[in-house]
Amino acid sequence: MMKIFLILFSPALLSCWNKQKEISKVEFSDNRIDTKDLILLNKINCTQESNETINYNLNCKNFNVSNTLIEGSDINKYELITFIFNDIEKAIIRKINNEDLETSSPLIYYSDTSKNYVIFFPVNGDHHFGWKLYLYKNKVLYPVGQRIMYWKPEYEESDISYSDILNIYEGNDNIVVEIPAKYVIKDDNDYKNYPNYSDGKYFEKGDKLNYELLTQEFYCIVNIQSVMEKRDYQIMGLLW
């Protein structure tokens, strides 16, 4: 039977978490990323078992991912996203309010070299709106970053989706999301309305936009496992 329990974060771990968030809050950089030095991840084809608009159930080769929306006793609602791997279960719990946003069915990417998974969640909106990124590494699910991303008017209502245009690369200490520049509005005053959705730094490289998110700093979150009981439901990461 699965159980959900509360994790209490120590000041040291919170400091570690905040350090990563501070490092991530960077916008444009004049430096360039050479994606030739990175590993291009493979997109995994998963089978969708639910056609409901608010719930999904994806069956992938080595795991399953599904979500449930829960109405809270207050004005908020909560999104429970469950990953079931062959050897362990993980969950993401999101509190949906003005500071957090619902997501839709994720895109799954895999590295044949590192054996890591990168999970790309499109943010729900009227049209293409943004994304949240997670990394599954060594049986730990890490939140990597999130961004609001408006698409240009000529593409925002098109049939083109992130799945069609997205490349994701992995390095030793970073993950790079690459999107063709022609789809994206790079600067918009409305981005300021979502200060928590500006993680990473972006680079213009020809006709591409590269969004780099660092990974080396947040591995300290794994220490949370030492204060968790070894139950059949482990929760990592999580409230953004």
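Just above, that's the structure.
Draft legend 1. Up close: the pattern of salt bridges. In total, this model carries four salt bridges according to the counting rule given. Among the ionic pairs, Lys-77 bridges to Glu-102, the shortest N-O distance being 2.8 Å. Here Lys-77, found in strand S7 (residues 77-85), pairs with Glu-102, found in the loop between strand S8 (89-96) and strand S9 (107-110); they are 25 residues apart in sequence, far enough to count as distant. With a relative accessible area of 19%, Glu-102 lands in the buried category. Across the pair Glu-212 and Lys-201 runs a salt bridge, and its minimum N-O distance is 3.9 Å. Of this pair, Glu-212 sits in strand S16 (residues 208-214) while Lys-201 sits in strand S15 (residues 200-205), and the two are 11 residues apart along the sequence.

Draft legend 2. Inspection of the pairing of strand S6 (residues 63-71) at higher detail. Note: strand S5 (residues 57-59) against S6, three bridges, orientation antiparallel. Across the sheet, Asn-59 pairs through a bridge with Asn-64, a residue of S6. As consecutive antiparallel partners, S5 and S6 are separated by three residues. Where S6 and S7 come together, nine bridges link them in antiparallel fashion. Bridge pairing in S7 links Asn-64 to Ile-84. Where S6 folds back on S7, the antiparallel hairpin that results is connected by five residues.

Draft legend 3. Molecular detail of the nonpolar core. Ranked by internal contacts, the top residues of the largest apolar core, which has 28 residues, are Phe-120, Trp-131, Leu-133, Ile-168, Val-177 and Ile-179. Every element with two or more residues in this core is listed here: S9, strand S10 (117-122), strand S11 (130-137), strand S12 (140-148), helix H3 (162-165), strand S14 (174-180) and S16. The contacts of Phe-120, once residues within four sequence positions are left out, are Pro-106, Leu-107, Tyr-109, Trp-131, Lys-132, Leu-133, Tyr-162, Leu-166, Ile-168 and Val-177.

Draft legend 4. Focus on the environment of Asp-34. Within the secondary structure, Asp-34 sits in the loop between strand S1 (25-28) and strand S2 (39-40). Between the alpha carbons of Asp-34 and Lys-205 there is a distance of 9.0 Å; along the sequence they are 171 residues apart.

Draft legend 5. View of the packing of aromatic side chains. Enumeration according to the criterion identifies 21 aromatic pairs in this entry. A ring pair is formed by Phe-85 and Tyr-117, whose centres lie 6.0 Å apart and whose planes are at 55°; its orientation type is tilted. Taken together, the positions of Phe-85 in strand S7 and Tyr-117 in strand S10 put the pair 32 residues apart, joining distant regions of the chain. Tyr-117 matches Phe-85 in its accessibility class, with the two residues each being buried. Members of the aromatic cluster, each reached through a chain of ring pairs, are Phe-63, Phe-83, Phe-85, Tyr-110, Tyr-117, Phe-121, Tyr-134 and Tyr-136. Above the plane of the ring of Phe-121 lies Arg-94, whose end atom (NZ or CZ) is 4.8 Å from the centre.

Draft legend 6. Region of interest: the sheet that holds S10. Here five strands make up an open sheet; going across it, the order is S3-S9-S10-S11-S12 and the pairing antiparallel. Edge positions in the sheet fall to strand S3 (42-44) and S12, since each of these pairs with one other strand and no more. Neighbour-to-neighbour, the strand axes of the sheet open up by a mean angle of 25°, direction not taken into account. Direction of pairing for S3 relative to S9: antiparallel, over a ladder of three bridges.

Scoring rules and cut-offs
Residues numbered from 1 in each chain as written. Predicted model: local features only at pLDDT ≥ 70, side-chain atom pairs only at ≥ 80, totals over all residues. Heavy atoms only, no water. Salt bridge = Lys/Arg side-chain N within 4 Å of Asp/Glu carboxyl O. Helix = DSSP H or I, 4+ residues; strand = E, 2+ residues; numbered from the N terminus. Buried < 20%, exposed > 50% of the residue type's maximum accessible area, 1.4 Å probe, protein only. Pairing = 2+ DSSP bridges. Core = buried A, V, L, I, M, F, W, Y, C linked by side-chain atoms within 4.5 Å. Contact = heavy atoms within 4.5 Å. Phe/Tyr/Trp six-rings, centres within 6.5 Å; stacked < 30°, edge-to-face > 60°. Lys NZ or Arg CZ within 6 Å of the ring centre and 35° of its normal. Axes fitted to C-alpha atoms, helices over the stretch in contact; angles between N-to-C directions.

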